[in-house]
Amino acid sequence: MDLLNAFVALSNFVLIPAIAYGSQLALGALGVTLIYGILRFSNFAHGDTMAFGTMATILITWGFQAIGISAGPLPTALLALPFGIAICAGLLLFTDRTVYKFYRQQKAKPVIFVIVSLGVMFIMNGLVRFIIGPNDQRFADGERFIISVRTFKEMTGLQEGLAIKTTQGITVVTAVIVVAALFYFLNRTRTGKSMRAYSDNEDLALLSGINPERVVMVTWLIVAALATIAGVLYGLDKSFKPFVYFQLLLPIFAAAIVGGLGSPIGAIAGGFTIAFSEVMITYAWKKVANYALPEAIAPDGLAQLLSTDYKFAVSFVILLIVLLFRPTGLFAGKSV
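Residues numbered from 1 in each chain as written. Predicted model: local features only at pLDDT ≥ 70, side-chain atom pairs only at ≥ 80, totals over all residues. Heavy atoms only, no water.

Caption draft 1: Seen up close, empty space enclosed by the protein. According to the stated counting rule, one finds one cavity of 30 Å³ or more in the structure shown. The volume enclosed by the largest cavity comes to roughly 30 Å³. Along the walls of the largest cavity sit Asn-43, Ala-45, Thr-49, Leu-92, Thr-95, Tyr-100, Val-120, Met-124 and Trp-220, which together make up its complete lining. With three residues, the top contributor of residues to the lining of the largest cavity is helix H3 (residues 77-105). In terms of residue class, the lining of the largest cavity is built from six nonpolar, three polar and no charged. (1 Å grid on protein atoms, 1.4 Å probe; cavity = no way out; pocket = protein on both sides within 12 Å on 5 of 7 lines; lining within 4 Å. Points joined across faces, edges and corners; volume = space filled by probe spheres on them. Helix = DSSP H or I, 4+ residues; strand = E, 2+ residues; numbered from the N terminus. Nonpolar A, V, L, I, M, F, W, Y, C, P; charged D, E, K, R; others polar.)

Now the structure itself:
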């Protein structure tokens, strides 16, 4: 029975949160890896793109709530999400036409694009803070839990309870659907195959009659969808604060690089690798250890390797190790 309680505690505080967080990082890393693989630069504005798309969704969510539109037991933000994606896509296409297109025509080096994306990042960050403010914004409504601690204890008779938040369930289900749709698009549709061809060999793709501007446009549309969905899912699961999305840039890039920058499968694997590493290293293992170990050797302290304040340091260390020893990542993406 103690081992069951240990597993429930592990699931409640490590496995389920890490799976949800990993899904959010995977969607964010997919956007980064698509831009790197197709447009050939590292987009440092991706975190603030997530923030902008989430902000647009929040504003529309508040509008829906004000006029009485809701999704019942589900968050109203799910109804507002397509509108948030459209607004974010409009901003990215506008940014591409007014900023990035000039440097593409000049055949600028990737490092120039990186510097330009830094400028775009600061502008987006300031824009989001100006519109919605720098403070926490909570926009989750509907049912809070799929299963609560009390209900689980009553069902099982165990001492330890398990809680699964509605937002965690939505995150995992949405991530599976989005990833499946993206892989189908890239592998089965004519446009997706054109994007892959453009990524593999730009000159040969142009000789084959592929329209580069169409590839660029579709790429930004997909990135807008991935960034907004990832940002909204993160905001529903935690809360929305612009600076946090700026901080998320580190674990998202770490996920993309660990998996193999330019590899969509690697982005997913890297997202879960980073998520589980952060959660497991910053979790206080005392409760699980007390259930699983004999009393004589059970820890007296928290058994916590790092405080949760240092969770982004875990991403940084993993990123550093990968860049030093395997810069192509787990799935042999393009060398960083």
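Caption draft 2: Representation of the layout of surface pockets in the model. Its boundaries defined by the atoms lining it, the largest pocket holds a volume of some 780 Å³. Together, 32 residues line the largest pocket, and Pro-17, Lys-165, Gln-168, Asp-237 and Lys-238 are the ones closest to its centre. Of all elements in the fold, only helix H1 (2-39), strand S2 (164-165), helix H6 (166-188), helix H9 (212-237) and helix H12 (264-282) reach the threshold of two or more residues within the lining of the largest pocket. When the residues that make up the lining of the largest pocket are grouped by side-chain class, the tally is 14 nonpolar, nine polar and nine charged.

Caption draft 3: Structural detail: the packing of H6 against helix H7 (residues 190-200). One can describe the packing of H6 onto H7 by two numbers: an axis separation of 5 Å at closest approach and a directional angle of 75°. With respect to H7, the element H6 is oriented roughly perpendicular. Of H7, the residues touching H6 (which contributes Phe-185, Leu-186, Asn-187 and Arg-188) are Arg-190, Thr-191, Gly-192, Lys-193, Met-195 and Arg-196. Broken down by class, the residue content of the contact of H6 with H7 amounts to three nonpolar, three polar and four charged. (Axes fitted to C-alpha atoms, helices over the stretch in contact; angles between N-to-C directions. Parallel < 35°, antiparallel > 145°, perpendicular 65-115°, else oblique. Contact = heavy atoms within 4.5 Å.)

Caption draft 4: Highlighting unusual backbone geometry. The residue Arg-40 is not glycine, and still its phi comes out positive at about 65°. A residue is classified by how much of its surface remains accessible, and Arg-40, at 27% relative accessible area, is partly exposed. For Lys-107, which is not a glycine, the phi torsion comes out positive at approximately 55°. For Lys-107, the position within the fold is in the loop between H3 and helix H4 (110-132). Judged by its relative accessible area of 64%, Lys-107 falls in the exposed class. (Buried < 20%, exposed > 50% of the residue type's maximum accessible area, 1.4 Å probe, protein only.)

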